[in-house]
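Here's the letter readout for the chains.
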Amino acid sequence: MSGGDGFTATHWGVYRPRVADGRLTALDPAPWDAAPSAIGRSVVDGIDAPARIRRPAVREGFLRHGPASRDGRGREPFVELSWDEALDLAARELDRVRREHGNAAIFGGSYGWASAGRFHHAQSQLHRFLNCIGGYTAHSDTYSLGAGRVLMPRILASMDDLMLSQTAWSSLEKHCELFVAFGGLPARNAQVGSGGASDHLVKPALGRLAAAGVRFVNVGPVRHDLDDVAGAEWIAIRPGTDTAFMLGLAHTLVTDGLADGDFLARCTVGYGEFRRYLTGEADGVAKDAGWAAAIAGVAAETIVTLARRMAGNRTMMNLAWSLQRAVHGEQPFWMGVTLAAMLGQIGTPGGGLGVGYSVMNTMGSGRRRVTGPRLPQGRNPVDTAIPVADMLLNPGASYRYNGQTRRYPDIRLVHWAGGNAFHHHQDINRLVRAWRRPETVIVQDPFWTAQAKFADIVLPATTALERDDIGGATGDRFLVWMARALDPVGEARDDHAILAGLARRLGVEDAFTGGLTTEEWLERLYEECRFNAPVPLPDFRSFLAAGLAEIPLVEPEKILLQAFRADPDGSPLPTPSGRIEIGSAIIAGFGLPDCPGHPVWRDPADHPGLAGDDGPLHLLSCQPATRLHSQYDHGAVSRESKIAGREPIRIHPGDAAARGIGDGDVVRVFNRRGAFLAGAVLTDGIRPGVLQIATGAWYDPVDPATDGSLDAHGNPNMVTPDTGTSALAQGCSAQSALVEVERFTAPLPPIRAFQPPRFVGRP
Ligand SMILES: Nc1nc2c(c(=O)[nH]1)N[C@H]1C(S)=C(S)[C@@H](COP(=O)(O)OP(=O)(O)OC[C@H]3O[C@@H](n4cnc5c(=O)[nH]c(N)nc54)[C@H](O)[C@@H]3O)O[C@H]1N2
Ligand SMILES: Nc1nc2c(c(=O)[nH]1)N[C@H]1C(S)=C(S)[C@@H](COP(=O)(O)OP(=O)(O)OC[C@H]3O[C@@H](n4cnc5c(=O)[nH]c(N)nc54)[C@H](O)[C@@H]3O)O[C@H]1N2
Ligand SMILES: [Mo]
């Protein structure tokens, strides 16, 4: 099919591909985009780089000895095969495992962002396929919002509802006076949106707010998190202490008589018990500004002054998601909601609470929820789902999750499409051990990431530019017709075609394809999306001809929870009480020592998952400015940002001097879990005692033959703890890593991450 002017959508923006002689020469940003992302340039040289998987391949040992050879994963060379041979092999393994061990032994959770197009969404395609063959073990929750997604519906509203109803930037521009940003507002993160970021809003919005006189305060360990606003104030608290800092603010509101008693009485439950904890009536410890200051590592006066300013101005307070990606990550979100309720500005124009401004592009867009096209995944007869922070090491063991006791399934086969566990998972040395347990690992990906190199059967997928699709994030400005611009690289096939080939071999092709061609699917999904949309959209043919459909802006002055504030009985929240739950009887009833019935400060040092951690420095791993997670780390924009080929890491000059580290040195970061190399960037924009590195450098073991190898390239998950936030949510706790750093003086190991594996002929 052809479409309009020939746009393509990526998670980081809309571009017009330029193609000469069948090769991509440029991606030109969409003309309407005021702040296009540079990441597009990485696609141009990355798409057919040496790291591209060109043909199906099988690990040599697997071809000879099957699952018995699984210790060879990540170590052995590959043998390239024809599609028929590779699909026969994969289908045989899927069939064997489901017959011998049942479908719950297939892990198809396959977490990951894949590409923007909604029909060729790799995970949805895989889930639909696995449901056709009897189901699979899924994953629950996300790395992004593990704690938030479990906690927030119990105390306020679902994260999806909150994200879509965020007070619009235009309301903030008119009414907000003070913007207090926990974790800053890095426009770097707002480059992306899941499904697309068709018009970048955040950078221009921050500029308009600053011009309108809004004062910005960045509360967090890194000044650079608010670099996009000139003159922003910075309160450099210790990582992981936001809850204590906010308790200090809350205590000041109480002692100064500034807590909004009317709002608390009308719109919340459980304040009384929380207040007894806050004042120390319950446990003898007053959580006053002095107490909080000692924990957060700032002056008590700073806390008192900020509390008074927040109460005295129209204040928006925002929580970065990183706050909850840490041990006890439920607490800063719960305490943030509580503090906002005490300030009483929730539901007012320009004031209240934000849970993700600047986390992704669409937050605060004021656009109505148009859920982009979605591939129906069918029904999964297997009801096991494991929280993403847990993996494969403890089959049969029991664990607590969201008030239930569950057991880990015994996974025999892993089928992954569209994610990179060797990017996203914590404690990679542990992951490597776990990854050797299943009998068979099947991976579909366009690129030879570590995930593919650690597979048995590797099936090359097309990228979005090699197929027709429809892009669009919920809350975004445009639905985009993604016109195919290139022929598939090598022998790559669309995930849909790969899975249809497996489905045919397993006798379920009609069920999987629904008897439709890709063209027919695209039309059907678009028309379904149009039918369900709360705003008018053009029909499919008009959409195709224009290449775009603009979603009308109907709520430019949207205010989060406005109706609830006005009439809590008439517009109750979806919580058990219909009110904001500062105290939750349900969570209290779970009896969890690490997550009681109201927000509390818990010292991370007491978390069982961190026992034995004694590094003197706190390592934060933020989202990368130069790529999306691990995607296109091998592209120009990401590679140009590296230091001696390694991922840059921010170090305070004082910490560097104490260790003889200079700007631009290669350093080794380590703790008892593992070690990685990185390139030192000295800056006083980070709190002493804190290091910060972006995620996404492809895992590059110096010695793949030995477990626990040094990573040459800068993957922070070598040292992060693989432990749940608490027994409530079991969310990802990546931000709780304690480490040491030293100058690396040994000869520099080469970077091999972007090379394909070794290939050998048939055994
Ligand atoms: N230390 C630390 N770790 C973290 C985080 C952190 O803050 N700190 N953040 C976490 C968060 S929030 C997230 S969301 C995760 C992200 O983790 P992931 O979503 O797993 O990361 P991506 O790099 O986006 O992985 C996508 C993979 O899909 C492949 N792909 C792209 N398009 C296609 C396609 O069409 N078909 C197929 N088959 N494959 C495709 C890409 O090549 C890539 O390998 O990481 C988490 N990990
Ligand atoms: N360019 C780009 N943008 C992205 C992504 C990407 O890969 N690339 N990934 C997207 C995804 S999947 C997600 S989930 C979101 C994640 O969005 P977030 O989780 O909000 O993003 P992070 O960059 O992990 O964290 C933001 C900042 O929080 C600060 N921080 C860390 N720990 C603490 C703490 O304890 N207290 C305080 N106050 N601050 C702290 C760090 O300095 C960090 O720079 O980003 C999205 N945006
Ligand atoms: Mo995420």
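It should be emphasised that the depicted structure is a prediction, and the values quoted were computed from it without experimental measurement. (Residues numbered from 1 in each chain as written. Chains lettered and ligands numbered in written order. Predicted model: local features only at pLDDT ≥ 70, side-chain atom pairs only at ≥ 80, totals over all residues. Heavy atoms only, no water.)

### Side note on the sheet that holds strand β2 (residues 13-20)
For the record, the criterion: Pairing between strands is defined by DSSP: at least two bridges between them are needed. Helix numbers and strand numbers start at the N terminus; a helix is a DSSP run of H or I with at least 4 residues, a strand a run of E with at least 2. Lines fitted to C-alpha atoms define the axes here, with helix axes fitted over just the stretch in contact, and angles between the N-to-C directions of these axes take values from 0 to 180 degrees.
Strand order in this open sheet of three strands is β1-β2-β3, and the pairing throughout is antiparallel. Each edge of the open sheet is held by one strand with a lone partner, namely β1 (8-10) and β3 (23-29). Taking each pair of neighbouring strands and ignoring which way they run, the sheet shows an average axis angle of 45 degrees. Across three bridges, β1 lies against β2 in antiparallel orientation. Note that in β2 the partner of Thr 8 across the bridge is Tyr 15.

### Quick look at the pattern of salt bridges
Note the following rule: Think of a salt bridge as a Lys or Arg side-chain nitrogen and an Asp or Glu carboxyl oxygen that are within 4 Å of each other. Note on classification: 1.4 Å probe, protein chains only; a residue is buried when its accessible area is under 20% of the maximum for its type, exposed when over 50%, partly exposed between these limits.
Within the structure shown, the criterion is met by 50 salt bridges. Of the charged contacts in the structure, one is a salt bridge between Glu 557 and Lys 174, with a shortest N-O distance of 2.5 Å. Taken together, the positions of Glu 557 in the loop between β22 (548-550) and α22 (562-566) and Lys 174 in helix α7 (residues 169-175) put the pair 383 residues apart, joining distant regions of the chain. Put simply, Arg 627 and Asp 633 hold a salt bridge, and the shortest N to O gap is 3.3 Å. Take Arg 627 and Asp 633: they sit in the same class, and that class is buried.

### With respect to the packing of aromatic side chains
Note the cut-off: Only centres within 6.5 Å qualify two rings of Phe, Tyr or Trp (six-membered ring in Trp) as a pair; their planes then separate them into stacked at under 30 degrees, edge-to-face at over 60, and tilted for everything else.
In total, this model carries 27 aromatic pairs according to the counting rule given. Seen from their ring centres, Phe 129 and Phe 512 are 6.2 Å apart, and the 90 degrees between their planes marks the pair as edge-to-face. Here Phe 129 is found in helix α4 (residues 122-132), whereas its partner Phe 512 is found in helix α19 (residues 509-513), with 383 residues between them in sequence. Residue class for Phe 512 comes out buried when judged on its relative accessible area of 0%. Aromatic pair Phe 447 and Tyr 632: ring centres 5.5 Å apart, planes at 70 degrees, arrangement edge-to-face.

### Side note on the UniProt feature "domain: Molybdopterin oxidoreductase N-terminal" (unreviewed entry) in the chain
Just so we agree on the cut-off: UniProt positions are given in the numbering used here, feature names are shortened, and annotations may be inferred rather than shown by experiment.
With numbering aligned to this structure, UniProt lists the feature "domain: Molybdopterin oxidoreductase N-terminal" (unreviewed entry) at residues 8-45. The distance from the first to the last C-alpha atom of residues 8-45 is 16 Å, and the span holds 16% helix and 47% strand.

### So, the domain arrangement of the chain
Under the convention used in this document: Note: domain ranges come from an automatic or database domain assignment. Here, two residues are considered to be in contact whenever any of their heavy atoms come within 4.5 Å of each other. Put simply, buried area is how much 1.4 Å-probe accessible surface two parts lose in total, over both of them, once they are put together.
Looking at the assigned domains, one finds that the chain contains domain 1 (78-141 + 381-550), domain 2 (158-364 + 558-590) and domain 3 (606-743). Measuring from the centre of the C-alpha atoms in domain 2 to the corresponding centre in domain 3 gives 28 Å. Residue-level contacts link 26 residues of domain 2 with 28 residues of domain 3. Taken together, the two surfaces of domain 2 and domain 3 that pack against each other cover about 2100 Å², and 57% of this comes from carbon and sulfur. The largest share of the area that domain 2 buries against domain 3 comes from Arg 325, Val 327 and Glu 330, three residues that together contribute 29% of it. At the junction of domain 2 with domain 3, the criterion picks out one salt bridge.

### Overview of the site of ligand 2
The test is simple: Being near a molecule or strand, for a residue, comes down to having at least one heavy atom within 4 Å of it. Here a polar contact is taken to be a pair of N or O atoms separated by no more than 3.5 Å, where protein atoms must pair a possible hydrogen donor with a possible acceptor and residues adjacent in sequence count only if both atoms sit in side chains. The protein chains shown are the only cover counted for residues, whose accessible areas, like all others here, come from Shrake-Rupley with a 1.4 Å probe. Residues are grouped as follows: nonpolar covers Ala, Val, Leu, Ile, Met, Phe, Trp, Tyr, Cys and Pro; charged covers Asp, Glu, Lys and Arg; every other residue, Gly included, is treated as polar.
In the vicinity of ligand 2, 31 residues are found, and the nearest of them are Asp 225, Gly 240, Asp 242, Arg 325 and His 629. Contact between ligand 2 and Gly 240: an oxygen atom at 2.7 Å from a main-chain N or O atom of the residue. Between Val 359 and ligand 2, the recorded distance is 3.3 Å, taken from a backbone N or O atom to a nitrogen atom. Relative to its unbound accessible area of 910 Å², ligand 2 is 98% covered by the protein chains. Residues belonging to the shell around ligand 2 are distributed by class as follows: 16 nonpolar, ten polar and five charged.

### Overview of the sheet that holds strand β21 (residues 478-482)
The antiparallel open sheet is built from three strands, whose spatial order is β20-β21-β22. Each edge of the sheet is formed by a strand with only one pairing partner; in this case those strands are β20 (469-471) and β22. Across the sheet, the mean angle from the axis of one strand to that of its neighbour is 15 degrees, orientation sign disregarded. Relative to β22, β21 runs antiparallel, the two being bridged by three bridges. Looking at the pairing, Leu 479 lines up with Ala 549 of β22.

### A closer look at the pairing of strand β27 (residues 675-682)
Burial analysis of β27 places six of its eight residues in the buried class, the great majority of the element. Across four bridges, the pairing between strand β25 (residues 648-651) and β27 is parallel. Along β27, the bridge assignment pairs Ile 651 with Leu 682. Summarising the sheet, strand β26 (residues 666-670) and β27 pair through five bridges and their orientation is antiparallel. Among the inter-strand pairings, Arg 668 is bridged to a residue of β27, identified as Leu 677.

### Looking at the site of ligand 1
Contacts to ligand 1 come from 34 residues, most closely from Ser 115, His 424, Asp 495, Ser 630 and Asn 717. Contact distances for ligand 1 include 3.0 Å between a nitrogen atom and a side-chain N or O atom of Ser 621. Between an oxygen atom of ligand 1 and a side-chain N or O atom of Gln 735, the distance comes to 3.2 Å. Within the complex, 98% of the 920 Å² of free accessible area of ligand 1 lies under protein. Mapped by element, the contributors of at least two residues to the shell around ligand 1 are α15 (421-424) and β18 (440-445).

### Focus: the side chain of Arg 646
The residue Arg 646 is located in the loop between α24 (636-640) and β25 in this model. In terms of polar contacts, Arg 646 uses its side chain to reach the backbone carbonyl oxygen of Ala 712, at 3.0 Å. Ignoring anything within four residues of it in the chain, the contact list for Arg 646 reads Val 666, Leu 677, Ala 678, Gly 679, Ala 712, His 713, Leu 748, Pro 749 and Ile 751.

### Things to note about the nonpolar core
This is how it is decided: In this text, buried Ala, Val, Leu, Ile, Met, Phe, Trp, Tyr and Cys residues form a nonpolar core when linked through side-chain atoms within 4.5 Å.
Phe 245 and Met 317 are the most contacted members of the largest nonpolar core, which totals 149 residues. Sort the elements by how many residues they give to this core and helix α14 (residues 330-343) lands first, with nine residues. Excluding anything up to four places from it in sequence, Met 317 contacts Val 180, Phe 182, Met 246, Met 310, Gly 336, Leu 339, Ala 340, Leu 343, Gly 352, Leu 353 and Gly 354. Grouped together as the second largest cluster of nonpolar side chains are 36 residues, Ala 122, Ile 442, Leu 459 and Ala 503 included.

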